[in-house]
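Chain by chain, the residues:
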Amino acid sequence: MPACCIYSDVFQYETNKVTRIESMNYGTIKWLLHMIVFSYVSFALVKDKLYQRKEPLISSVHTKVKGVAEVREEILENGIKKEVRRVFDTADYTFLLQGNSFFVMTNFLETGQKQGRCPEHPDRRTHCSSDRNCKEGWMDPQSKGIQTGRCVVYEGNHKTCEVSAWCPTEATKDAPRPALLTSAENFTVLIKNNIDFPGHNYTTRNVLPDFNTSCIFHKIQDPLCPIFRLGDIFRETGDNFSEMAIQGGIMGIEIHWDCNLDSWFHHCRPKYSFRRLDDRTANDSSYMSPRSPSYNFRYAKYYKENNVEKRTLIKVFGIRFDILVFGCGGKFDVIQLILNIGSTLSYFGLATVFIDFLINTYSSKCCRSHVYPYCKCCACCAVNEYYYRKKCESIVEPKPTLKYVSFVDELHIRRVDQQLLGRSLQDVKGEKVPRPLMDFTDLSRLPLSLQDPTPIPGQPEQIQLLSAEATTRPGNSPGWCQCGNCLPSQLPERRRSLEELCCRKKPGACITTSEPFGKLILSRRALQFLLLYQEPLLVLDVESTNSRLRHCAYRCYTTWRFGSQDLADFGILPSCCRWRIRREFPKSDGQYSGFKSPY
Ligand code: GDP
Ligand code: ZN
Ligand code: ZN
C-alpha cells in the first residue's frame, strides 16, 4: 500500500449519518426518557455514592465473654444419688479458638477414666457372642481401643469385645436435656473490633472512648453498644437458645462497616447483625447423625490418684460465635466520578432504542393486516412506515443470479434470484418488490429530450411506425411474448433464457409504442445530451457513437422502469425494447453481447 494511502486513512473521521424525525410524539418520548434516565443517573450517583473510590477494610477482633453459671448434677456416691452444685466461670466455659471466633460451652458429658482393659460400648460393630468374634490387635478408626481378642460381658447379657483403652469406654449417651449451662444465655460478650482502610489511610474502632461499660446491645435502643447478651443474639435470629444449647451450633455475628470518609458527610460506625451459620434445616434428631446440627468436641483433664494416671474425658457441646467483619470505605475521587458518568451515558441511548423499536414494530405489514386487523391507528402505522422507509435503506446481496423484471401491466417490480436453467425469464414468478418512488428531478435535467425536433416533412413519426409494426406482425414473435414485438435471443443457448422476457405479463400493447419510450429512450438528441452532460467535450466517431447511445438508452430504460440505481443495475430489458433500441442504434456486425451482471 503506498504511504500516502496510509496517511490519508489516518487523517479521516467517520461519523454516523442520522435521520431527524420532526415529530411531536417522538420528540416528547425522547425528552421524557432522557429526563427519566437523567434523574435516575443523578439519583444513583448520589445514592450509591458513585463519585467515591471504595476501599475494602482490614480488621482485627478481640472478644471477652463474662458471666457465671451454676450447674446442678446428680451423681451416684456409694449407691446413693446426690445433687452436686458446681459454679462455672469464664475460664471453665470459654475456649480459645483460632480466627475471629469464640466458643461458649453450654452442655457436656463427663467420663472418669484410667488405662486398662474393659469391654467396648455395645453397638452393631462391637457385639460378640464368643472370643472367635474378636481379634487380638484389631482396631478401626471408630474403636475406643485395641481389641484383646476376648469377648466379655458389658452389661446383663450384652457381650462386647474387650479392648485395652482408657476405661471405662465413653458411653454413647445423648447430651443432657435440658442443657447443663442453659443460664449461659445471660452471659455477655464484649467485641472489640479495630478496622483500617489502608487505601484511605484511615483507622477506627467500634469501642468509642466514652462508651458506657454497662450498656447492652439493643437493635433500636442501643445499636452501637459493643456488649452483647448471648440470649439477645438468638432472639434476633429467631432461634431458641435453650434448644440450641443442648447439641451446640454455630452463630455468626456480622459487623458491617459502610464508611463515608468525605469530610462533609463523614460517617463511620458499624452495623451489627446476626445469622445462624449451621444448617438449621437439617432436623435429624439422632445425635450420632452427621447431618444433625450440632457443635461438639472432646477434651480431657489429667490427674494422678494414688500414683495412677487418670483423666476426666469431657465431651463439650456449645456455641461457636464467628465474627464476620466486612464493608468498605469511600472517599471522593475525580477519576471514579468521570468513569461512572461515562458508564451511565450509554443509558441515554435508551430513547433511540425505544423509538426505533416503536417505528420498526408499528411500520411492519403485520401492524396493518394480521395483528391488528381492526387497527384504529392505521394512520400511525402508515406514518411509521414512512419513517421506516426514510431511515432504513435495505440492500439486497448483489449475487450473479440477481435480476429485476418490470412488466408494464404490473405496478410492482419482480425480483428473481435463481438460476434460470433453461426456463424463460418471462415464466419465472419472482418475488414482488414495491416500485421505488419516482424521482422527477432527473427528468427536469433533460429539457432537450422533451422538445423533439420538428418532424421532417414527408418522414412519418417513428412511434406511429412502431405501433403499426406491432399490430401487423403478431404471429412472428416467440411463444412467451405478449406484446407481439419481441424477437428471439441471439445469445448462446446457455444464456438465452435471460433475454426471453416481454414487456408485459398479459397480452396487450407494447411499451415501445408509448410516448415516453420514444421521447426518452429513442431520442438521439436526448441521449447525446446525456452523454455530453457526463463528458462535456466528448467527441465520437460513428461506430462508437452508436454503441454509446445504445448503452445510454439501455440505462435510460432501466432507470425509468426500475426507479432506483440499485435496481436499475440488475434490471433486465424486455426483448422488444432491447431490439427496438438496437434497431435505432445498431452495431455494424450485428453481434450483441447482452446483459452482464455488474458483480
Ligand atoms: P455490446 O454493445 O456488443 O456489448 O452489446 P449490448 O448492446 O448487448 O450491450 C451490452 C452492455 O449493455 C453491457 O454493459 C450490458 O451490461 C448492458 N446491458 C445489456 N442488456 C442489459 C439489460 O438487460 N439490463 C441492463 N441493466 N444492462 C444491459
Ligand atoms: Zn413481447
Ligand atoms: Zn413489448
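Residues numbered from 1 in each chain as written. Chains lettered and ligands numbered in written order. Predicted model: local features only at pLDDT ≥ 70, side-chain atom pairs only at ≥ 80, totals over all residues. Heavy atoms only, no water.

> Just checking my understanding: could you explain the layout of surface pockets for this structure?
If a probe the size of a water molecule is rolled over the atoms, the empty space left behind becomes visible. Taken as a whole, the largest pocket encloses approximately 1,400 Å³ of empty space. What lines the largest pocket is a set of 31 residues, and nearest its centre among them are Arg389, Cys392, Ser394, Pro434 and Pro436. Residue assignment for the lining of the largest pocket shows that the elements contributing at least two residues are helix H9 (378–391), strand S16 (402–406), strand S18 (431–433) and helix H16 (565–568). Within the lining of the largest pocket, the residues separate by chemical class into 15 nonpolar, five polar and eleven charged. (1 Å grid on protein atoms, 1.4 Å probe; cavity = no way out; pocket = protein on both sides within 12 Å on 5 of 7 lines; lining within 4 Å. Points joined across faces, edges and corners; volume = space filled by probe spheres on them. Helix = DSSP H or I, 4+ residues; strand = E, 2+ residues; numbered from the N terminus. Nonpolar A, V, L, I, M, F, W, Y, C, P; charged D, E, K, R; others polar.)

> Please clarify how the state of the cysteines should be interpreted in this entry.
In protein structure, a disulfide is the covalent linkage between the sulfur atoms of two cysteines. A full pass over the atoms with the stated rule returns five disulfides. With its sulfur 2.0 Å from that of its partner, cysteine 118 forms a disulfide with cysteine 167. For the disulfide bridge between cysteine 118 and cysteine 167, the dihedral angle about the S-S bond is near -85 degrees, and by the sign convention the bridge is left-handed. A residue pair is termed long-range when its members are at least 10 positions apart, and cysteine 118 in strand S6 (residues 101–119) and cysteine 167 in strand S8 (residues 158–167) qualify at 49 residues. Side by side, cysteine 118 and cysteine 167 carry an identical accessibility label, which is buried. Paired through a disulfide, cysteine 134 and cysteine 161 show a sulfur-sulfur distance of 2.0 Å. Measuring the twist about the S-S bond at about -90 degrees, one finds the cysteine 134-cysteine 161 disulfide to be left-handed. With cysteine 134 in the loop between S6 and strand S7 (146–155) and cysteine 161 in strand S8, this pair connects stretches of sequence that are 27 residues apart. (Disulfide = S-S within 2.5 Å. Buried < 20%, exposed > 50% of the residue type's maximum accessible area, 1.4 Å probe, protein only.)

> I'm lost on the coordination of the zinc ion (ligand 3) in this one. Help?
Note on metal sites: the ideal angle is 109.5 degrees for four tetrahedral donors, and 90 or 180 degrees for six octahedral donors. Binding of the zinc ion (ligand 3) to the protein goes through Cys483 (SG), Cys503 (SG), Cys510 (SG) and Cys576 (SG), at separations of 2.3 Å. In this structure, the zinc ion (ligand 3) is coordinated by four donor atoms arranged in tetrahedral fashion, with angles at the metal of 104 to 117 degrees. Written as a sequence motif, the donor arrangement for the zinc ion (ligand 3) is C-x19-C-x6-C-x65-C. (Donors = N, O, S within 2.8 Å, 3.2 Å for Na, K, Ca; no water. Tetrahedral: all angles 85-135°; square planar, octahedral: opposite > 155°, others 65-115°.)

> Teacher, can you tell me more about the coordination of the zinc ion (ligand 2) here?
The coordination sphere of the zinc ion (ligand 2), as far as protein atoms go, consists of Cys481 (SG), Cys483 (SG), Cys486 (SG) and Cys502 (SG), spread over 2.2 to 2.4 Å. Coordination geometry of the zinc ion (ligand 2): the four donor atoms subtend angles of 97 to 121 degrees at the metal centre, consistent with an arrangement described as tetrahedral. Read in sequence order, the donor residues for the zinc ion (ligand 2) give the motif C-x1-C-x2-C-x15-C. Between the two metals, the zinc ion (ligand 2) and the zinc ion (ligand 3), the spacing is 3.9 Å, and cysteine 483 donates to both. Each of the two residues, cysteine 483 as well as cysteine 486, counts as buried.

> Teacher, can you tell me more about a nonpolar patch on the surface here?
On the surface, Trp264, Phe265, Phe332, Val334 and Ile338 cluster together into a nonpolar patch covering about 560 Å² of accessible area. Among the structural elements, isoleucine 338 can be located in helix H6 (residues 334–345). (Patch = residues over 30% accessible without salt bridge, like charges linked within 9 Å, V, L, I, M, F, W, Y side chains within 5 Å. Areas by Shrake-Rupley, 256 points an atom, 1.4 Å probe, with all protein chains shown as cover. Salt bridge = Lys/Arg side-chain N within 4 Å of Asp/Glu carboxyl O.)

> Quick question: what am I supposed to make of the packing of aromatic side chains here?
Where two aromatic rings form a pair, the distance of their centres and the angle of their planes describe that pair. For the structure on display, the rule yields 26 aromatic pairs. Ring geometry for tyrosine 386 and tyrosine 387: centres 6.3 Å apart, planes at 50 degrees, overall tilted. Residue class for tyrosine 387 comes out buried when judged on its relative accessible area of 15%. Centre to centre, the rings of phenylalanine 517 and tyrosine 557 are 6.1 Å apart; their planes meet at 70 degrees, and the pair counts as edge-to-face. Placement of the pair is phenylalanine 517 in helix H13 (residues 515–521) and tyrosine 557 in helix H15 (residues 542–562), with a sequence separation of 40 residues. (Phe/Tyr/Trp six-rings, centres within 6.5 Å; stacked < 30°, edge-to-face > 60°.)

> Looking at this structure, I do not really get the pairing of strand S14 (residues 296–305). What am I missing?
Here S14 runs beside strand S15 (residues 308–332); their pairing, made up of ten bridges, is antiparallel. Opposite tyrosine 299, over in S15, you have isoleucine 314 as the bridge partner. Taking the residues that link successive antiparallel strands as the turn, the S14-S15 hairpin has two residues, and the phi of asparagine 306 there is positive, at about 50 degrees. (Pairing = 2+ DSSP bridges.)

> Explanation requested: the confidence of the model for the protein in the structure shown.
Mean pLDDT over the protein: 84, with 88% of residues reaching 70 or higher. Every residue in residues 458–474 is under pLDDT 50, and counting partners more than four places away or in other chains gives 16 contacts. (pLDDT = per-residue confidence, 0-100. Contact = heavy atoms within 4.5 Å.)

> Would you take a moment to explain the side chain of serine 523 for this structure?
By secondary structure assignment, the location of serine 523 is in the loop between H13 and helix H14 (524–534). When its relative accessible area of 7% is taken as the criterion, serine 523 is described as buried. At 3.1 Å, the side chain of serine 523 and the backbone nitrogen of alanine 526 are in polar contact. (Polar contact = N/O pair within 3.5 Å; in protein donor to acceptor, adjacent residues only side chain to side chain.)

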